[in-house]
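Structural description and commentary
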Amino acid sequence: MNNSAPAFAAGYINNDGPKLITERFQFEDSFTLERFLNTGGYDGLRKALERKPSEVHDEVREAILLGRGGAGFPAGVKWGFCPEGVWPRYLVVNGDESEPGTYKDRLLMERDPHQLIEGCLIACYALGLSQCFLYVRGEMALAQERIANALNEAYEAGYVGRNILGQDFSVDIVLHWGAGAYIVGEETALIESLEGNRGMPRLKPPYFPAAIGLYGQPTIVNNVETLSNIPWIIDNGASAYKEMGSETSPGTRLFAISGHVNRPGVYEVEQGVTTFRDLFYGENFCQGIRNGNELKMFIPGGGSAPWFFEEHLDLPLEARPVGEAGSMLGSGAIVVMDETTDAVKACLRVVRFFARESCGKCSPCREGTTWEEKILRRIYEGDGRPSDIELLLDIGDNISPGPYPVAAFSDQNLEAVPFPPRQTTICPLGPSSVAPITSAIRRFRAEFETLITQRDSIPVSAAPIEVEQ
Amino acid sequence: MSDENTSEIEVTLNGEKFIANPGELLIDAAERMGTEIPRFCHHSRLKPVGMCRMCLVEVDTGRGPSLQPSCMLTCQPGMTVETESEKTVKAQDGVLEFLLINHPLDCPICDKGGECPLQDQTLAYGPGESRYIEQKRNFEKPIPINENVYLDRERCILCDRCTRFADEVAGDKLIHFQGRGSQTEVNTFPDEPFSSYFSGNTVQICPVGALTARPYRFKARPWDLEEAESTSAFDSVGSRISIHASRNQVLRLQGVDSDSVNWGWLSDKERFIFEAFSHVDRLDTPLINKKETENSQQDKSSWPESLKAAATALKETSSDRIAILGGSRLTNESQYAWTKVAKGILGTDNIDAQMGDGLPPEFLLGLPRATINDACKPGGTIVLLGPDPKEELGSLYLRLRHAVVHDGATLIELTPTSTGLTPYATHSLRVRPGETAEVVKAMFGEGGVAPIGGVDPEDAKKAGSLLQTAESVTVLLGRSSLAETEGPVIDAALALHDRLADVQFLSLIRRGNIHGAFDMGMAPNLLPGRTTLTSHQASIKEIWPTLPTTRGHDAVQIIEAAAEGKIDVLLLLGADPLNDFPDKSLAEEAIEKTKTIISIDLFPTDTTSQADIVLPAAGPTEIDGTFTNLEGRISLISRKVSPPGTARPDWMIAVDLAKYLDIDLGFSSVEEIWEEIEKISPIHQDIIHSLSEQSREGVLVKGGFELSRPGETKVQSHDAYSFRLVVTRTMYDQGTFNAYSQSLVGLAPKASLGFEPTDFSALGVEVGEEVEVVGSKGPVVLPAKPDSKVAKGTVHVGLNHTGFSATELIDASVPVTDLTVVSK
Amino acid sequence: MAYFTEENLRRAHEIIDRYPRAKSAVIPLLHLAQEQNGWITNEAMTHIAELTNVTSAEVLGTGSFYEMFKFHPVGKYLVNVCTNISCQLLGGEELLHHAESTLGITDGETTEDGLFTLEDVECIAACTEAPCFTVNYRYFHRADENTFDEVVAELRSGRSPLDKGKQGDSGDIPSHGTLSRIQQHIPLDRKAGITPPEDSKTAPVWMEKNAEEAKS
Ligand SMILES: Cc1cc2nc3c(=O)[nH]c(=O)nc-3n(C[C@H](O)[C@H](O)[C@H](O)COP(=O)(O)O)c2cc1C
Ligand code: SF4
Ligand code: FES
């Protein structure tokens, strides 16, 4: 299969940039151990085992590998939070990818499971983690098959399990199936779920996983993409890694661009170099908005992120500037909406997601998100009341008090309010429902008002949104 | 860290500084300082979850103010807290609104109306008008989740209190959140009810009216209720309770949070037993059997007539032919009054408050004693050498379970059956009755390699090594099987006592105020204040007309003597020997042969129906007085309602009877009785005064006997063909109180013979098939079943189960009862 | 009460043995139960409770949190159409309506022949391939009404439509409940050893390397 034509995984689009974690995607059999070994697989692990665990940890710290699960916290620093002398410690891989707009971890798991496994092994070696759980979203049947197969191969070949590569390094990696709940992507909920419980988040503090995690033990939770970067970093060194990307966000990232662009897809992009404009309009990337339409708005980092607009197009794809402008890169999920998009409907659709996915633990989230959804649906279906707009904003304020993070509008003399939002809840899910509402009302208040006051003059979509009872 | 420990935790609360305790939660600290932060999910005896978000306050820990749940936040030095700032109030109002949008506004018909924090909060702070115009969540209206508890899911605000209680405290995870998000509900598994002995606690801690208890549903409005703090006299734990009554009727009991005793929890039996006291069958007038006709029958009588008849019977005989049984139902004061009548007036020492099912008080009180808190010390070591606390002493079980599950205590069981604590025990040795002392010796490496008492010596040694390295050990001591006499238990207790450097004992003798009875002298050879006929204070002779000169009979001896016709008058203080005495046939003979039986009781029982004179007494919510629990802790009992008819407190009956014996007992009120007790008891000095200062925690009575060492008991050896009988009590049985309490009647299990599973299969019978067993009593035919709780070579029967009283099988004249199965 | 078949019971034990604490196996075992029967019965939950040493109420409490578990019968094929934002923008709702009219059922319902159950679902991580739907969690990317009709026709005629998924998946679609056609299997001689946390309180051996060199 040496000369197999570049097939590329479904959804993945090759561009000219450096490829750290998608290099193998060109091979149809990229997920097999054979292909993996032929293309430098497990070299990082070999190199790691030649060094002291603490040196491996230092290398990752040095690389400033930012977490790819959404929060963007440097992995090497997080690894350092395990309290000294407390054993056992666990590794939990967050493969629950469910944030609206996000499609990258599934690709990495389906197309290159061994790369992920290698990353896990190196992390376990560096930190003395005695068991690893790969928590894969339940709905990803193919990813589960590919990982199961890869693990079986790797166990058989001596890469996982007892005395890995003949050394006194032993670790079991267990594939765990999720069962359908977005909130389980939140790390403490993930741990609850892995313990066999309802996936309801725990309050941090005190339940920071690195200190009190799985079974109350120190636990490192990392995203699939984060860990998939580890083999490259150990194989090539932190300094090589830092040659790419920007100073505060080195390396590359996977971005999934969906919605109204000509060439939606998943791209591996150097952080901080490329801008949104490059991404949306560049020949190498999405090649413009469909039908030559105007951009109306875009979500820069998954359903939880405040919306961006035209004036944000020249921001680089880098956590810090995006944060300063009032939103976040989150999980690298960019949803592009053109001028034909109904802002109220889009807002309702994202809010409905949070209402359906609230775990139910905190009153403001459990009750507030469903209430928001009901009001938005009323407005959208033509039953809105003039007071509804202020009510929505006030409910939002009771879930996430204070000015909600929003994008700056230079034309309206509005300044950005930076992340993270304040919350009356345990986790950020409830407050996330406020993002689309605040964004939409701030920018498109007129559309809401029109729906409320002139209900008959606006054509109501033939396809009313179904709302969970 | 070190200076953090030494430096004080200074917190600024609304501008005022105070010092928090280490580890104290902000919400609790604020409350201590008089600032009540609203809350729904927080409960100080449950782990914090921070779910409801009602307790959000603005906190600044140096990084600027932010809203934080005060129920999850431990106080830290330098913290600044604003509970009334604009942001705090806005957040709390917001949460309240969220909780209300789906909560039905049925307050006028809700049992919780008037004492509902949700209602109170809304009235105090809530917006006048709802902004929620959508439809509310719908669920089927109240569904029963067990015999006594109803759940209205529409009212539930998902605070996780009941479910946390079921998990963390009771360990009965039978109610659980189901579903997700706004469709989350609390419920049981289909067809698996919330069968927990402790289910009533969930009703008490539910902050809204989602959980209600059948006995109270729609009975009253909280504002009609009068409340009095009291002590549950129902078992010897002496849980602190609050009695809620309206119009002279008790409507509910609630647990009161005392640190030293029950932490606010009650067993369902303690909680619902009160219903019995208002049962129509309560004795409310004296009855007398004039024996004029062949078919003797009881007639209603007057107090003078019946008291005179009783006095006459007593006067007509000599003190050695008088005996008194029972007394654990009585308050300390009534016990004192009756001991004075028995020993100080009638001059008889034949008095025993136990019924052959306890331990000799001189022995029990001579052992070094532990408190509940000693036993439940974090990281401590506990040995169970007694009955199953879950079945017999519910609220103590919860404390013990907490110690082992949450506070790192180690538990070793030496019991003939598994218990409610077995799942949490480090070692659980299933011991054949009669052989525990031998097993104790094996634990310390004495004895051979052959199994002893059904236990592998290796297992015993492992458990023993834990004891040897333990810093201090508490032994929970009582009778684990009623078919084993006190002798072998004493031997086992002494064996432990003598082998451990630092050991204390906590009595598991269960019946009501039995420890008060000991302290008031209701046992052979005892006088009030843990003194004896030979060791008493001189002052007693100045106050009591007479004193017995020789040691009298205990319960077993009294019943034996009566059965031989040697007792003329048997006075029963709430005792029902026909049901309570371990050897039923012997008790029947005793009742039959005794000339005059005087029974003072609350309810008609098998024994009262045979009595010549029946005097109605006041029940535990109808009297004032004090109670002594199994630690020796005295606490107050309060009268909340009046007794039915002419029923009166036991001490008053004693005073009246004494009058007919031509003696003035010397007191006419509970206070005067205490004055007298303090005069003659060396251990009760100043108790009443201290009690008035700390009525909730009570006052521990200390001091007393030297350790006595009754001789060793020789137990007949066990042969391979017989099964050693194990008789245990269960929380629900056919006992009097259960039978008269509407919530509890019908909960008793059906009687059966339980065999260890391999023993059972060797019998070759079907599960549930009837099997005949015979010993020195019997034969008896009962359904047989495998019972994984019991040791090999034993047969397990519950006391007072439906269809059969196990006492019919027990031979009280031998240390253990062996039975053989009659082959078909 | 026994619910699992002998073979599944063996698999159940193999799964339980992979976790330091048995309760962690509750979710995988619920999947296994669903694989055996297509949905989860009360008997299944009671058996899982026994195997993992928890109460049936806890199993239901956990299970009912997750939407993949069905507590009532569903069709042989569970068809999930995504209508979340990315799919909605490119016709997810229209696809759902097409599916509803083609199959003659609405969200949550099952066709009379018991073949299909339809669900309107949240984001399934195929956003750049919108609109999309899955059948028993097998993806069909960039789907239109024709794709949908073809897939249904193939399934009705007993053929596998997987190659129409535009996603590199092939083979048969197992009936609802079976998620992964490949199971993880840890050979005993390769297992590093899984112990309850309270039994492994010391640092793993390889961590000694840190100290060793520090000395030299
Ligand atoms: C509501 C919510 C959902 C989340 N979902 C995911 C997810 O699906 N995948 C993920 O990797 N992280 C998710 N996260 C972030 C995780 O909590 C956690 O930060 C991350 O897994 C850490 O890995 P990293 O440091 O490698 O990014 C979510 C967070 C929240 C609050
Ligand atoms: S914010 Fe919502 S999802 Fe997050 S813990 Fe609270 S209720 Fe659950
Ligand atoms: S009381 Fe603190 S969150 Fe409920």
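Just so you know, these numbers come straight off a predicted model, no measurement behind them.

1. Notes on helix H13 (residues 394-406) of chain B
Residue and element names in this part refer to chain B. Under the 1.5 Å per step criterion, the end-to-end length of H13 is 18 Å for 13 residues, consistent within 8% with the ideal 18 Å. With 10 of 13 residues buried, H13 lies mostly within the body of the structure. Residues of H13 that are buried: Gly394, Ser395, Leu396, Tyr397, Leu398, Arg399, Leu400, Arg401, Ala403 and Val404.

2. Examining the domain arrangement of chain A
All names here are of chain A. We note that the domain assignment places domain 1 (23-239), domain 2 (252-338) and domain 3 (343-451) within chain A. Each of domain 1 and domain 3 was reduced to a C-alpha centroid, and the two centroids are 34 Å apart. Tallying the contact residues gives 11 residues for domain 1 and eight residues for domain 3. At the boundary of domain 1 with domain 3, total buried surface from both sides reaches about 860 Å², with 78% on carbon and sulfur atoms.

3. Thoughts on the state of the cysteines
All names here are of chain B. Considering all chains together, one arrives at zero disulfides over all chains under this definition. In this model cysteine 159 remains outside any disulfide bridge; the closest cysteine sulfur is found in cysteine 206, 6.1 Å from its own. In this structure cysteine 159 comes out as buried when scored by relative accessible area, which is 8%.

4. Side note on the domain arrangement of chain C
Once the domains are mapped, chain C shows domain 1 (6-70) and domain 2 (77-164). Taking only C-alpha atoms, the centre of domain 1 of chain C and the centre of domain 2 of chain C are 28 Å apart.

5. Thoughts on the sheet that holds strand E8 (residues 333-338) of chain A
Residue and element names in this part refer to chain A. Pairing within the open sheet is mixed, and its four strands lie in the order E6-E5-E8-E7. Both edges of this open sheet fall to strand E6 (265-270) and strand E7 (295-299), since each of them pairs with a single strand only. Taken over all neighbouring pairs, the strand axes of this sheet differ in orientation by 25° on average, direction set aside.

6. Quick word on the site of ligand 1
Residue and element names in this part refer to chain A. Taken together, 18 residues surround ligand 1, and among them Gly69, Lys78, Asn94, Asn223 and Thr226 come closest. Within the side chain of asparagine 94, a nitrogen or oxygen atom sits 2.8 Å from an oxygen atom of ligand 1. Glutamate 187 has a polar backbone atom sitting 2.9 Å from an oxygen atom of ligand 1. Here ligand 1, which alone exposes 600 Å², has 90% of that area covered by the protein. For the shell around ligand 1, the leading source of residues is strand E4 (residues 219-223), giving three residues.

7. Let's talk about the nonpolar core
Counting residues in each nonpolar core, the largest one holds 384 residues, and the members touching the most others are Trp79, Leu121 and Phe169 of chain A together with Trp338, Leu414, Leu477 and Leu496 of chain B. The greatest single-element share of this core, amounting to 10 residues, is contributed by helix H6 (residues 113-127) of chain A. Aside from chain neighbours lying at most four places away, what touches leucine 121 of chain A is Tyr42, Leu45, Tyr159, Val160, Ile164, Phe169, Val171 and Ile173 of chain A.

8. Some points on the pattern of salt bridges
As enumerated under the stated definition, the model contains 102 salt bridges over all chains in all. Glutamate 93 of chain C is the salt-bridge partner of lysine 345 of chain A, the closest N and O atoms lying 3.1 Å from each other. Residue lysine 345 of chain A is located in helix H13 (residues 343-357), and its partner glutamate 93 of chain C is located in helix H6 (residues 92-103); the two belong to separate chains. Take lysine 345 of chain A and glutamate 93 of chain C: they sit in the same class, and that class is buried.

9. With respect to the side chain of serine 334 of chain B
All names here are of chain B. With respect to the helices and strands, serine 334 occurs in helix H9 (residues 332-346). The buried category is assigned to serine 334, whose relative accessible area is 2%. Excluding residues that lie within four positions of it along the chain, serine 334 makes contacts with Asp650 and Trp651.

10. A short note on the packing of helix H3 (residues 53-63) of chain A against helix H9 (residues 224-236) of chain A
Residue and element names in this part refer to chain A. Running from N to C, H3 and H9 point in directions that differ by 105°, and their axes come no closer than 10 Å. In terms of axis orientation, H3 runs roughly perpendicular to H9. Within the contact between the two elements, H3 uses Val56, Glu59, Val60 and Ala63 and H9 uses Ile230, Ile233 and Ile234. Grouping the constituent residues of the contact of H3 with H9 by class yields six nonpolar, no polar and one charged.

11. Let's talk about unusual backbone geometry
Backbone torsion omega between lysine 204 of chain A and proline 205 of chain A reads -10°, so that peptide bond is classified as cis. Counting through the fold element by element, proline 205 of chain A comes out in the loop between helix H8 (187-194) and E4. We note that tyrosine 215 of chain A has phi near 50°; this positive angle belongs to a residue other than glycine. Looking at the element boundaries, tyrosine 215 of chain A is found in the loop between H8 and E4. Residue arginine 530 of chain B is not a glycine yet carries a positive backbone phi of 55°.

12. Details of the sheet that holds strand E19 (residues 410-415) of chain B
Residues and elements named next belong to chain B. The five strands lie next to each other as E20-E19-E18-E21-E22, forming an open sheet whose pairing is parallel. Where the open sheet ends on each side, the last strands, each with one partner, are strand E20 (427-430) and strand E22 (503-507). Strand-to-strand twist of the sheet, defined as the mean angle between neighbouring strand axes without regard to direction, takes the value 15°. Across five bridges, the pairing between strand E21 (residues 473-477) and E22 is parallel.

13. Let's talk about the pairing of strand E31 (residues 723-728) of chain B
On a regular strand, one side chain projects to one face of the sheet and the next to the other, so that they alternate. All names here are of chain B. Of all six residues in E31, six are buried; the element is thus mostly enclosed. Of the strand pairs in this sheet, E31 and strand E36 (residues 818-822) are connected by two bridges, and their pairing is antiparallel. Within E36, the position partnered with arginine 724 by the bridge is aspartate 818. Two strands pair when backbone bridges link them, and E31 and strand E35 (residues 794-798) are joined in this way by five bridges, in the parallel orientation. Across the sheet, threonine 728 pairs through a bridge with glycine 798, a residue of E35.

Criteria and thresholds
- Residues numbered from 1 in each chain as written.
- Chains lettered and ligands numbered in written order.
- Predicted model: local features only at pLDDT ≥ 70, side-chain atom pairs only at ≥ 80, totals over all residues.
- Heavy atoms only, no water.
- Helix = DSSP H or I, 4+ residues; strand = E, 2+ residues; numbered from the N terminus.
- Expected span 1.5 Å × (residues − 1).
- Buried < 20%, exposed > 50% of the residue type's maximum accessible area, 1.4 Å probe, protein only.
- Domains from an automatic or database assignment.
- Contact = heavy atoms within 4.5 Å.
- Buried area = accessible area lost by both parts, 1.4 Å probe.
- Disulfide = S-S within 2.5 Å.
- Pairing = 2+ DSSP bridges.
- Axes fitted to C-alpha atoms, helices over the stretch in contact; angles between N-to-C directions.
- Near = heavy atom within 4 Å.
- Polar contact = N/O pair within 3.5 Å; in protein donor to acceptor, adjacent residues only side chain to side chain.
- Areas by Shrake-Rupley, 256 points an atom, 1.4 Å probe, with all protein chains shown as cover.
- Core = buried A, V, L, I, M, F, W, Y, C linked by side-chain atoms within 4.5 Å.
- Salt bridge = Lys/Arg side-chain N within 4 Å of Asp/Glu carboxyl O.
- Parallel < 35°, antiparallel > 145°, perpendicular 65-115°, else oblique.
- Nonpolar A, V, L, I, M, F, W, Y, C, P; charged D, E, K, R; others polar.

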